[in-house]
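Chain and residue survey
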Amino acid sequence: MDLPSLVVILQGALSPNPSERKAAEDSLNQFQYAPQHLVRLLQIIVEGNCDMAVRQVASISFKNFIAKNWAPHDPDEQSKILPADKEVVRQNILNFVSQVPPLLRAQLGECLKTIVHADYPEQWPTLLHWVKHNLQDQQVYGALFVHRVLSRKYEFKSDEERLPVSHIVDETFPHLLNIFNRLVQIPAPSIDIADLIKLICKIFWSSIYLEVPKQLFDANVFNAWMILFLNILERPVPAEGQPTDPELRKSWGWWKVKKWTVHILNRLYTRFGDVKLQNPENKAFAQVFQRNYAGKILECHLNLLNVIRVGGYLPDRVINLVLQYLTNSISKSNMYSQLQPRLDVVLFEIIFPLMCFSDNDQLLWDEDPHEYVRKGYDIIEDLYSPRTAAMDFVSELVRKRGKENLQKFLLFIVEVFKRYDEAAAEYKHYRQKDGALLAIGALCDKLKQTEPYKSELERMLVQHVFPEFSSPVGHLRAKAAWVAGQYAHITFSDPNNFRRALHSVVAGMRDPELPVRVDSVFALRSFVEACNDLGEIRPILPQLLDEFFKLMNEVENEDLVFTLETIVDKFGEEMAPYALGLCQNLAAAFWKCMNSAEADEDGDDPGALAAVGCLRAISTILESVSRLPELFVHIEPTLLPIMCRMLTTDGQEVFEEVLDIVSYMTFFSPTISLDMWSLWPLMMQALGDWAIDFFTISDILVPLDNYISRSTAHFLTCKEPDYQQSLWDMISSVMRDENLEDGDIESAPKLIQVFFQNCKGQVDRWVEPYLTITMERLRRTTKPYLKCLLVEVVADALYYNASLTLGILQKLNVATEIFNLWFQMLQQTRRNGARANFKREQDKKVCCLGLTSLLPLSADQLPGEALDRVFKSTLDLLVAYKEQVAEAAKEEAEAEAAEDDDDMGNLETDDEDDGDDSDGEMGVEDGDEAESNRLQRLAARARAFRSDEEFDDDDSDDDISDDEEMQSPIDDVDPFVFFVDTIQALQASDPLRFQNLTQALDFHYQALANGVAQHAEQRRVEIEREKLAKVAEAAAAAAAAAS
């Protein structure tokens, strides 16, 4: 396509007529890969006589095409741009980037960034030469612009990836320094000069961000740069040309220069100028920086802050950065000594006013309360906020230099309180009172620990905070709620004061001002956590939840959801009457947050975080009512649409949280419905397409286990879809993937074990395929833990059907190989003598059941020598298993005894607790401990799927299993009883084989065998006793329910 035709198509893309616009876009897509197309787009962008709108469309199309196609993500994929076209673009884009208008320059800059990141230095070795040449020529702006793009490539690179930086600095920094020097000396500089200096600052920043280039270790070179930065820092910003609009003013070129200068000096000071933090080779640099520059910078910063003290202007970001520097200086003796003479002025005339409610706060409060709330709880806003930096300064000052400053600062705050109390209503300094309350809240950690202030906190709250709950000024009512929340956990000598604060906070949830309602909800979280008597909250719980969801409909904020989670967690099963309504409200809030996040093109909408919070709160609710399975049937229709949608690519950001919900629904529901089964294919497709990371961290395995173990019949009989086949497809794909490391696939053998254990006698056709991939992976496995898991697959297959499994292993010619490896692993020990493999109880039990299952086989399948080896190894394992179970029981008993001692201590010291509300945080009564353990099972199942990190520590003595509460069909199989029953069956079916086996045993193994037999009989008695106890418990529960 020629140039005029392309211009016509681009004009069509601007048409108000949708059909014309669509036709133009289709044409662009059709010809985008044609030779010279990219070159012609660039020609149109730089053609000054062409219509600006057309040039802009061309620049966007050019940028998008380069971003997508210049460097394919798949290294094996062929580039769709011809090498010749790439070369033409590289040769021309550099010259034009500085000549086009700023609107187009931004697009070309993005293109240049993509190309530089992909091509420099290998495919574009001449780039640096071009930059160096043009820094000495007339195209200084263009050279600086390109240099900035080049330096950003290495800004976050370290070690070997950073090697090119040294060469770039060598070639360009002398020229940059000369240019910088000339620019600083220009009298009455224009805004264009500011743009050039800003680019130099950005280049310097990127070059020193992670590491100071060795060239700057030259004292003369570094001093030359520092003289210029200090010059920029000291000189006032030109008054002429400053915009009056606040938003334009803070982004004005000269203020940007000031900001980047402060930014650079802060970075040098905090990362490279602290002697204590530096490695030996950089310590000399840090010492020079501290001696020659740190104090000068501090002096400049103090002078800069004086501007706002006398009513002048500084951008918020500059104030924030300057205060960060001062905060970092507090702990350094020489810097603090320099700061000390001016500290009172800084603290009381600069810092404190920044903490007070301001004109801008009032304007935002009145005109956009939602934005006021968002900014108040946005972590990113905190990074740039002068108020946050002021609070950090005060906190660090009283933490590091408290002896000389805490009392002085608090006396100042008390004086503010006093003047406020004494003034008539029309003369009260509401904003100063707000700042004083903020200071008290910010210092809560220090004041809670320090006498005499610690014992005065309750009186302070009553006298200076509680009255503001009824203040006529909204921001003081909000601040009172916030401060009360900060101190909710202190010990109140008068319970009525705690009650008064709690009720005031709850009342604040109905305040007419949105920020007051939000701060009240956040404060409520602290009061719920601190509340020992839930009777204070229980009567108002319905109204409280109602107000809560009204607020959630107004504000999308994850902190709101945290409060709900705290309430649910605290009340436990008492939330049952509200569970369905809560889930419905949270589901509605979730969809609202997701829609908000999807509509936000910048990706910084708080709705995304709030959506995650909604799902997390739903999981908390499901756990709190987990002993009421019938509720799950009613909740399922509300949550099913979320699970269906968010298990696709639409839910990648919340996939983990959705899997948690699926886990609860499939574990605690009375049965797994067909609707819930419809999620299985979605999870399998996700694993195959994009969710492999969730497989490697085991998140997806808990629900898959639930499906197989709790709905086995449907799993086995359903053919459309074929769940067994899809499980095989997924596991075999993972096990055979050579790009996945050992640690990434540990969940696969665990899932095979789930399959064999739950489907005993019903999946014979799958034994050979699973054993085949297990042996394939075992041969190339190096990580001990994965080896154990893969051997346990064989053990489970033997327990499933020993004759079938052994026959398959012999058919595959791997029987000798696997048993030799297995016995070798059983014998391996660590340096301290403990077993190196199969360290958890469950590992040993699986091995015992698998080996025991071999014992009844005929001599044709298991010769006498092999039988002897299997028998002895099983005895050794059973003894080790018995010892480990006994040790675990002993530790559990000791932990319970210690816990009982703690409880008795609490009863003896807590005079105010009458025991009426001793149901604890989860609403579980003391006598119901055994049943309460069910709440932990789901978490235990997830833990069971995780890697046993002990295998990476040869010296670890911790052999205790992390999956004792994982449910499995083999839980009801006692390995001692199973072993003795198997031997007795062998004795009955083949007396001669039994006699040969036992007569060949030495004294040691005869003793072990007798001990195991005795323990098996003991276990039979214990098992029978446990059964009778369960029957009695069930009868008692039924009788209690009937009464």
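Residues numbered from 1 in each chain as written. Predicted model: local features only at pLDDT ≥ 70, side-chain atom pairs only at ≥ 80, totals over all residues. Heavy atoms only, no water.

Focus: the overall build of the chain
Test applied: In this text, helices come from DSSP runs of H or I with a minimum length of four residues, and strands from runs of E with a minimum of two, each type numbered from the N-terminal end. Summary of the burial criterion: residues with accessible area below 20% of their type's maximum are buried, those above 50% are exposed, and those between are partly exposed, where the area comes from a 1.4 Å probe applied to protein chains only. We call two residues contacting when some pair of their heavy atoms lies within 4.5 Å. Working definition of accessibility: Shrake-Rupley area with a 1.4 Å probe, residue cover restricted to the visible protein chains. Note on charges: Lys and Arg go in the positive column, Asp and Glu in the negative column, and His and the chain ends are not counted at all. Note on charges: their place is set at NZ of Lys, CZ of Arg, CG of Asp or CD of Glu.
A count of helices and strands for the chain gives 52 helices and zero strands. Overall, the C-alpha framework of the chain stretches about 110 × 80 × 65 Å when taken along its three principal axes. Every one of the 1043 residues in the chain was classed for burial, and the buried ones make up 51%. Long-range contacts, defined here as pairs at least 24 residues apart, represent 75% of the contacts in the chain between residues at least 6 apart. Just so you have it, the chain exposes about 48300 Å², and 50% of that area is on carbon and sulfur atoms. Averaged over its 102 positive side-chain charges, the chain has a centre that lies 7 Å from the centre of its 165 negative ones.

Focus on the nonpolar core
Cut-off, in case you're wondering: The set of buried Ala, Val, Leu, Ile, Met, Phe, Trp, Tyr and Cys residues whose side-chain atoms join them within 4.5 Å is what this entry labels a nonpolar core.
Core analysis: the biggest nonpolar cluster contains 334 residues, and F62 and L727 have the highest contact counts within it. Setting aside residues no more than four positions away along its own chain, F62 makes contact with L38, L41, L42, I45, V89, I93, L108 and C111. Among the nonpolar cores identified, the runner-up in size contains five residues, and W365, Y372, A478 and V516 belong to it.

Focus on the side chain of Q242
Filter applied, for reference: Identification of polar contacts relies on pairs of N or O atoms within 3.5 Å, with a donor-acceptor requirement for protein atoms, meaning one able to donate a hydrogen and the other able to accept it, and with residues adjacent in sequence counted only if both atoms are side-chain atoms.
Mapped onto the fold, Q242 is located in the loop between α11 (219–234) and α12 (246–250). Polar contacts involving the side chain of Q242 include one to the main-chain carbonyl oxygen of P238, which spans 3.3 Å. A distance of 2.9 Å separates a polar atom in the side chain of Q242 from a polar atom in the side chain of R249. Once you skip the residues sitting within four places of it in the chain, Q242 turns out to touch V237, R249, W252 and W255.

A short note on a negative patch on the surface
Stated precisely, the cut-off is as follows: Any residue with relative accessible area above 30% and no salt bridge may belong to a patch, with like charges joined within 9 Å and the nonpolar Val, Leu, Ile, Met, Phe, Trp and Tyr side chains within 5 Å. We define a salt bridge as a side-chain nitrogen of Lys or Arg found within 4 Å of a carboxyl oxygen belonging to Asp or Glu.
A cluster of like negative charges, contributed by D159, E160, E161, E211 and E281, occupies part of the molecular surface. Residue placement: D159 occurs in the loop between α8 (140–153) and α9 (163–184).

Points about the packing of helix α44 (residues 802–811) against helix α45 (residues 815–827)
We apply this condition: Only C-alpha atoms enter the line fits that serve as axes; for helices the fit covers just the stretch in contact. Angles between N-to-C directions range over 0 to 180 degrees. Roughly parallel means an angle under 35 degrees; roughly antiparallel, over 145; roughly perpendicular, 65 to 115; everything else is oblique. Note on residue classes: Ala, Val, Leu, Ile, Met, Phe, Trp, Tyr, Cys and Pro are nonpolar, Asp, Glu, Lys and Arg are charged, and everything else, Gly too, is polar.
Look at α44 against α45: their axes get within 7 Å of each other, and the N-to-C directions meet at 110 degrees. In terms of their interaxial angle, α44 and α45 are classed as roughly perpendicular. Every residue of α45 that contacts α44 at L806, L809 and Q810 is listed here: A815, I818 and F819. Residue composition of the contact of α44 with α45, by class: five nonpolar, one polar and no charged.

Quick word on the confidence of the model for the chain
Counted only if it meets this: Known as pLDDT, the predictor's per-residue confidence is scaled from 0 to 100.
Per-residue pLDDT for the chain has a mean of 89; in total, 92% of the residues score no lower than 70. Low pLDDT, under 50, characterises residues 903–935; the stretch is placed with 40 contacts to residues that sit more than four places away or in other chains. Confidence drops under a pLDDT of 50 for residues 941–965, and excluding neighbours within four residues, the segment shows 76 contacts in the predicted structure.

A short note on the environment of Q824
Considering the arrangement of structural elements, one finds Q824 in helix α45. Sequence separation between Q824 and S333 is 491 residues, and the spatial gap between their C-alpha atoms is 62 Å.

Remarks on the packing of aromatic side chains
In plain terms, the rule: Working definition: a ring pair exists when centres of Phe, Tyr or Trp rings (six-membered ring for Trp) sit within 6.5 Å. Plane angles under 30 degrees give stacked, over 60 give edge-to-face, the rest tilted. Counting as a charge over the ring demands two things of the Lys NZ or Arg CZ atom: a distance within 6 Å of the ring centre and an angle within 35 degrees of the ring normal.
Enumeration according to the criterion identifies 56 aromatic pairs in this entry. Ring plane angle 65 degrees and centroid distance 5.3 Å describe the contact between F590 and W591, whose orientation is recorded as edge-to-face. Taking relative accessible area as the criterion, W591 reaches 24% and is therefore assigned partly exposed. An aromatic cluster is present here, built from W677, W680, Y707, F715, Y723, W728, F755, F756, W766, Y770 and Y800 joined pairwise through their rings. A cation over a ring is seen here: R267 above Y209, with NZ or CZ 3.9 Å from the ring centre. Here the basic side chain of K428 rests over the ring of Y420, its NZ or CZ set 4.5 Å away from the ring centre.

Notes on helix α7 (residues 127–135)
What counts here: By arc we mean the arc of the directions from the helix axis to the C-beta atoms, nothing more.
All of the buried residues in α7 are L127, L128, W130, V131, N134 and L135. Buried positions in α7, seen along its axis, are confined to an arc of 160 degrees and lie on one side of it. Those residues of α7 that are buried are in contact with α5 (83–96), α6 (102–119), α8 and α9.

Points about empty space enclosed by the protein
Filter applied, for reference: Of the grid points, spaced at 1 Å and generated over the protein atoms alone, those admitting a 1.4 Å probe that cannot get out make up cavities, while open sets with protein on both sides within 12 Å along at least five of seven lines make up pockets; any residue with an atom within 4 Å of a point is treated as lining. Grid points are joined across faces, edges and corners, and a volume is the space filled by probe spheres set on the points.
This model, assessed by the stated rule, comprises four cavities of 30 Å³ or more. As a volume, the second largest cavity reaches approximately 60 Å³. Around the second largest cavity, the lining residues are I232, R235, P236, V237, P238, W254, V257 and K258. Looking at which element gives the most residues to the lining of the second largest cavity, the answer is helix α13 (residues 253–272), with three residues.

A closer look at the pattern of salt bridges
Applying the stated criterion across every chain, the model contains 41 salt bridges. We note a salt bridge from R342 to E299, for which the minimum N-O separation is 2.8 Å. Within this pair, whereas R342 is found in the loop between α16 (333–339) and α17 (343–355), its partner E299 is found in helix α14 (residues 280–309), the two being separated by 43 residues in sequence. Of the charged contacts, one joins K479 and D434 as a salt bridge, the two residues approaching to 3.3 Å between their closest N and O atoms.

Some remarks on the packing of α11 against α13
How we decide: Left-handed describes a crossing whose near helix is turned anticlockwise from the far helix by less than a right angle; the clockwise case is right-handed.
Running from amino to carboxyl end, α11 crosses α13 at an angle of 135 degrees, the nearest separation of the two axes being 9 Å. When the axis of α11 is compared with that of α13, the two are oblique. Considering only the axes of α11 and α13, their crossing is left-handed. Contact residues: F222, M226, F229, I232 and L233 in α11; V257, K258, T261, V262, I264, L265 and L268 in α13. Along the lines of polarity and charge, the residues of the contact of α11 with α13 split into ten nonpolar, one polar and one charged.

Structural notes on unusual backbone geometry
For the bond from Y120 to P121, the omega torsion is -5 degrees, close enough to zero to count as cis. Assignment of secondary structure puts P121 in the loop between α6 and α7. Cis rather than trans, the peptide bond between E451 and P452 has omega equal to 5 degrees. Looking at the element boundaries, P452 is found in the loop between α24 (444–449) and α25 (457–465).

Observations regarding a nonpolar patch on the surface
Side chains of I380, L383 and Y384 sit close together on the surface and give an oily, nonpolar patch of about 300 Å² of accessible area. Position of I380 relative to the elements: it lies in helix α20 (residues 379–384).

A closer look at the environment of V814
Structurally, V814 is set in the loop between α44 and α45. Look past the residues within four positions of V814 in its chain and what remains in contact with it is M775, R779 and L809.

Focus: the environment of Y269
One can find Y269 in helix α13. Sequence separation between Y269 and V846 is 577 residues; the distance between their C-alpha atoms is 59 Å. Residues in contact with Y269, not counting those within four places in the same chain, are D274, F289, Q290, A294, Y325, N328, S329, K332 and M335. Here S329 takes part through its side chain, which lies 3.1 Å from a polar atom of the side chain of Y269.

Focus on the state of the cysteines
Quick reminder of the rule: For this text, the term disulfide refers to a pair of cysteine sulfurs within 2.5 Å.
For the coordinates displayed, the defined rule picks out zero disulfides. This cysteine, C644, is not joined by any disulfide, and C718 carries the nearest cysteine sulfur, 16 Å off. Note on C644: relative accessible area 27%, which makes it partly exposed. We note that C848 lacks a disulfide partner, and the nearest cysteine sulfur, in C847, lies 7.2 Å from it.

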